[in-house]
Amino acid sequence: MDQVLVEVTRAGVVESQHRGTAVLMGASGEVIQAWGDPTRLIFPRSSMKPFQSLVMAETGLTLSSEQWALSGASHEGESMHVTRVENWLAEMALTEANLVCGPAWPSHGKSRKAMVLAGGAARRAVHNCSGKHCGHLATCQHEGWDVDGYDDPSHPIQKRVLNRISELCDQAPDVVGVDGCSLPAPRLSLLGFARGLAALAGLADDGERPATTILSAAMKHPELTGGSTAMNGRLTKAGDGMLYAKNGAEGVYSVIFPKVRAALALKVTDGTQRAADIAAAGLIAKAGALLSMDLSAVGALSATGLRNADGLDVGEIRFAPG
């Protein structure tokens, strides 16, 4: 059964609750702590990007540290993201038309406003997954695969990704849907997903180059994996080299702790992003205590105030596991 992970208060009393499920797992497959029933099935969505980046790195593809960070990003469409995507496409002699992620507006407020005022239009390079798609295209070029149709489940890169996920998670997806960016979206148990993430943490701790490459890049450039204000980047930054936090649509999070060979997987039942952000921060702090790591800086992000339209403090959103 899912349990209460986040509360929303007003006037000092609870107004709303968000339920969820989470599991903290070690690289040997041991469950260190579970919140709710971790056997529930989920679509990891963008929180599985570490697996996709790992497959790219395991081909021997050479990228800059910033490009590796972008390959696993769900960015907010700020200029630092869009410019790097444009430059990456140019390096590959490709254009935005090669990206199958679809056009989008920045989720970053100031960037979206600037784009509207400039008379801009939704663009594929702005899509939050455009860095991942550049990584897919770069891998296809490196392996000599056709760049067209790279989103098709039958394409070599997608076959390799799904096979690697099955290996790491010790579980084959029972359903493969279509993600928001058009790439395949496998469904796994939360337990299996956490197992795969912990296995990745183990690969990094063992010094396996592909794993260390992608995780080091993500932890070095947290602003590229999210944005200047994005919570997943803030969590990684507050972890100070101890963790990589990756959000996914519909209230999913993955958190990898490479130095202690462990990982955390989270799903907020109602898919609310504000709840997932707060729950992730609180659970990371809990994980830190269980793993003998000082992650109090992350724990400080597990509550945030609520203000109304006139700027008055009216309540808060807080981590409150039942």
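Just above, that's the structure.
Residues numbered from 1 in each chain as written. Predicted model: local features only at pLDDT ≥ 70, side-chain atom pairs only at ≥ 80, totals over all residues. Heavy atoms only, no water.

Side note on unusual backbone geometry
Notably, Asp170 is not glycine yet its phi reads approximately 55°, a positive angle. Within the secondary structure layout, Asp170 lies in the loop between α6 (156–169) and β5 (176–178). With a phi close to 50°, Asp240 is a non-glycine residue in the positive phi region. Take Asp240: it is sitting in the loop between α10 (231–239) and β8 (244–248). (Helix = DSSP H or I, 4+ residues; strand = E, 2+ residues; numbered from the N terminus.)

A closer look at the nonpolar core
Counting residues in each nonpolar core, the largest one holds 61 residues, and the members touching the most others are Phe51 and Phe193. Of all the elements, helix α7 (residues 190–205) adds the most residues to this core, at 9 residues. Not counting residues up to four positions away in its chain, the partners in contact with Phe193 are Ile42, Pro44, Ser47, Met48, Phe51, Cys169, Leu188, Val252, Tyr253, Ser254 and Ala265. Within the second largest apolar cluster, 34 residues are counted, among which are Ala275, Ala276, Ala287 and Leu306. (Core = buried A, V, L, I, M, F, W, Y, C linked by side-chain atoms within 4.5 Å. Buried < 20%, exposed > 50% of the residue type's maximum accessible area, 1.4 Å probe, protein only. Contact = heavy atoms within 4.5 Å.)

Section: the pattern of salt bridges
Summed over all chains, the structure comprises 15 salt bridges. Of the charged contacts, one joins Glu7 and Arg318 as a salt bridge, the two residues approaching to 3.0 Å between their closest N and O atoms. Of this pair, Glu7 sits in strand β1 (residues 3–10) while Arg318 sits in strand β12 (residues 313–319); the two residues are 311 residues apart in sequence, bridging distant segments of the chain. Residue classification places Glu7 among the buried positions, given a relative accessible area of 14%. Across the pair Asp174 and Arg187 runs a salt bridge, and its minimum N-O distance is 2.5 Å. (Salt bridge = Lys/Arg side-chain N within 4 Å of Asp/Glu carboxyl O.)

Thoughts on helix α3 (residues 79–91)
The end-to-end C-alpha distance of α3, which contains 13 residues, comes to 18 Å, matching closely the 18 Å that a straight helix rising 1.5 Å per residue would cover. Along α3, the residues classified as buried are His81, Val82, Val85, Trp88 and Leu89. One side of α3 holds all its buried residues, which, seen down the axis, span an arc of 125°. Structural note: α3 exposes Ser79, Ala90 and Glu91 on the side pointing more than 90 degrees away from its buried face. Elements in contact with the buried residues of α3: α2 (65–71), α5 (130–143) and α9 (222–225). (Expected span 1.5 Å × (residues − 1). Arc of directions from axis to C-beta.)

Quick word on the pairing of strand β9 (residues 252–257)
Of all 6 residues making up β9, 6 are buried, and the element is well covered by its neighbours. Taking every second residue as pointing to the same face, both faces of β9 are buried, with Val252, Ser254 and Ile256 on one and Tyr253, Val255 and Phe257 on the other. In this structure, β8 lies alongside β9, joined through 5 bridges in antiparallel fashion. Bridging from a neighbouring strand, Asn247 pairs with Tyr253 of β9. With antiparallel pairing between neighbouring strands as the criterion, β8 and β9 make up a hairpin whose turn holds 3 residues, including Glu250 at a positive phi of roughly 65°. (Pairing = 2+ DSSP bridges.)

What to know about the packing of helix α1 (residues 49–58) against α5
Running from N to C, α1 and α5 point in directions that differ by 25°, and their axes come no closer than 10 Å. Accordingly, the angle class assigned to the pair α1 and α5 is roughly parallel. Regarding α1 and α5, the two cross each other, and that crossing is left-handed. Contacts from Lys49, Gln52 and Met56 of α1 reach α5 at Lys132, Gly135, His136 and Thr139. For the contact of α1 with α5, the per-class residue count stands at 1 nonpolar, 4 polar and 2 charged. (Axes fitted to C-alpha atoms, helices over the stretch in contact; angles between N-to-C directions. Parallel < 35°, antiparallel > 145°, perpendicular 65-115°, else oblique. Left-handed = near helix turned anticlockwise from the far one by under 90°. Nonpolar A, V, L, I, M, F, W, Y, C, P; charged D, E, K, R; others polar.)

What to know about the environment of Ala172
Take Ala172: it is sitting in the loop between α6 and β5. Looking at Ala172, the relative accessible area reads 53%, which means it is exposed. Every residue in contact with Ala172, bar those within four places of it in the chain, is listed here: Ser166 and Leu188.

Shape descriptors only; they carry no functional weight alone.
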